[in-house]
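# Secondary and tertiary structure notes
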Amino acid sequence: MKTVGILLVLISCSGLGFQMAWRYGQRIEECVRIGRCLQRLTGEIRFHQLPLGEALRAAGGSASHDGERFPSLLRRVSVRLEDACGGSFENLWSQEMGDYLQDSPLQEEAELLLYLGQQLGQLDLEEQLKVLYRFLDQWQEHIRSLKGRQEEKGRLYRYLGIFAGCFLAILLL
């Protein structure tokens, strides 16, 4: 019975380490998806000369798919902005972003995303484009940084899970 317990501890701790490594990869994928949405938003503003509300709706698309929570956020902000039921764009953005970030792996990126909302709602089309270009450059640099650390962090999480399991197994002996 003790052997089964030790094996279960080893497996569960190792599994936890592998899950943390997987979540780090999911975080990077979510950042890439957000970058694509914001590039679409930039294109809608630049090439179609759409006001912010319409550009948000167009960038968010019409159908939501699995794993596409950010386009859904853009559509919700667009609807609320057009209804003018929530006040300023910054307030709408921060409220929707708060809901979006509750169960998101992007807690570290929250400050950047909230800052984008502070900047976007107050400007004309040309200034919005400048803000979006600067943000996208910063966002892409952030993604490169995350990808650069992905292998190291993934290995660290997996090894820590395995070693924690071994440590606990030794304590149980």
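For clarity, every value in this text was computed on a predicted model and none was experimentally measured. (Residues numbered from 1 in each chain as written. Predicted model: local features only at pLDDT ≥ 70, side-chain atom pairs only at ≥ 80, totals over all residues. Heavy atoms only, no water.)

With the rule as written, the count across this model stands at 9 salt bridges. Salt-bridge contacts for arginine 27 lead to glutamate 109; the nearest nitrogen and oxygen are separated by 2.9 Å. Of the two residues, arginine 27 sits in helix α1 (residues 2-48) while glutamate 109 sits in the loop between α4 (89-101) and α5 (110-120), which places them 82 residues apart along the sequence. With a shortest N-O distance of 2.5 Å, arginine 57 and glutamate 82 are connected by a salt bridge. Pair noted here: arginine 57 is in helix α2 (residues 52-60) and glutamate 82 is in helix α3 (residues 69-83), with a separation of 25 residues, a long-range link. For arginine 57, a relative accessible area of 40% puts it in the partly exposed group. (Salt bridge = Lys/Arg side-chain N within 4 Å of Asp/Glu carboxyl O. Helix = DSSP H or I, 4+ residues; strand = E, 2+ residues; numbered from the N terminus. Buried < 20%, exposed > 50% of the residue type's maximum accessible area, 1.4 Å probe, protein only.)

Packed helices, taken two at a time, are described by their axes: the angle between them and the distance between them. For the pair α5 and helix α6 (residues 125-172), interaxial distance at closest approach is 10 Å and the crossing angle is 170°. With respect to α6, the element α5 is oriented roughly antiparallel. Here α5 contributes Leu112, Leu113, Leu116, Gln119 and Leu120 to the contact with α6, which in turn contributes Gln128, Val131, Leu132, Phe135, Gln138 and Trp139. Of the residues assigned to the contact of α5 with α6, the class counts are 8 nonpolar, 3 polar and no charged. (Axes fitted to C-alpha atoms, helices over the stretch in contact; angles between N-to-C directions. Parallel < 35°, antiparallel > 145°, perpendicular 65-115°, else oblique. Contact = heavy atoms within 4.5 Å. Nonpolar A, V, L, I, M, F, W, Y, C, P; charged D, E, K, R; others polar.)

Before going further, it helps to examine α4. When the terminal C-alpha atoms of α4 are compared, their 18 Å separation across 13 residues agrees well with the 18 Å that a helix rising 1.5 Å per residue should span. Among the residues of α4, those classed as buried are Phe89, Leu92, Trp93, Glu96, Met97, Tyr100 and Leu101. Buried residues in α4, looked at end-on, bunch into an arc of 150°, giving them a common side. The secondary structure elements touched by the buried residues of α4 are α1, α2, α3 and α5. (Expected span 1.5 Å × (residues − 1). Arc of directions from axis to C-beta.)

So, on to the nonpolar core. A general feature of soluble globular proteins is that nonpolar side chains tend to end up buried together. Counting residues in hydrophobic clusters, the biggest one holds 37 residues, and the most contacted among them are Leu41, Phe70 and Trp93. Of all the elements in the fold, those that place two or more residues in this core are α1, α2, α3, α4, α5 and α6. Tryptophan 93 has contacts with Phe70, Leu73, Leu74, Val77, Leu113, Leu114, Leu116 and Gly117, leaving out every residue within four places of it along the chain. (Core = buried A, V, L, I, M, F, W, Y, C linked by side-chain atoms within 4.5 Å.)

What follows covers the side chain of glutamine 128. On the secondary structure map, glutamine 128 appears in helix α6. At a separation of 3.3 Å, a polar atom in the side chain of glutamine 128 contacts the main-chain carbonyl oxygen of leucine 120. (Polar contact = N/O pair within 3.5 Å; in protein donor to acceptor, adjacent residues only side chain to side chain.)

Turning to unusual backbone geometry, a few remarks are in order. Phi at glutamine 49 takes a positive value of approximately 55°, unusual for a residue other than glycine. Structurally, the position occupied by glutamine 49 is in the loop between α1 and α2.

With respect to the helices, strands and loops of the structure, leucine 156 is situated in helix α6. A residue is classified by how much of its surface remains accessible, and leucine 156, at 44% relative accessible area, is partly exposed. For the pair leucine 156 and alanine 21, spaced 135 residues apart in sequence, the C-alpha separation works out to 8.2 Å.

Before going further, it helps to spend a moment on a nonpolar patch on the surface. Taken together, the side chains of Phe167, Leu168 and Leu171 present a nonpolar region at the surface, about 310 Å² in accessible area. In this structure, leucine 168 sits in helix α6. (Patch = residues over 30% accessible without salt bridge, like charges linked within 9 Å, V, L, I, M, F, W, Y side chains within 5 Å. Areas by Shrake-Rupley, 256 points an atom, 1.4 Å probe, with all protein chains shown as cover.)

What follows is about the environment of leucine 125. Tracing the backbone shows leucine 125 in helix α6. In contact with leucine 125, not counting residues within four places along its chain, are Ile45, Gln49, Leu50 and Pro51.

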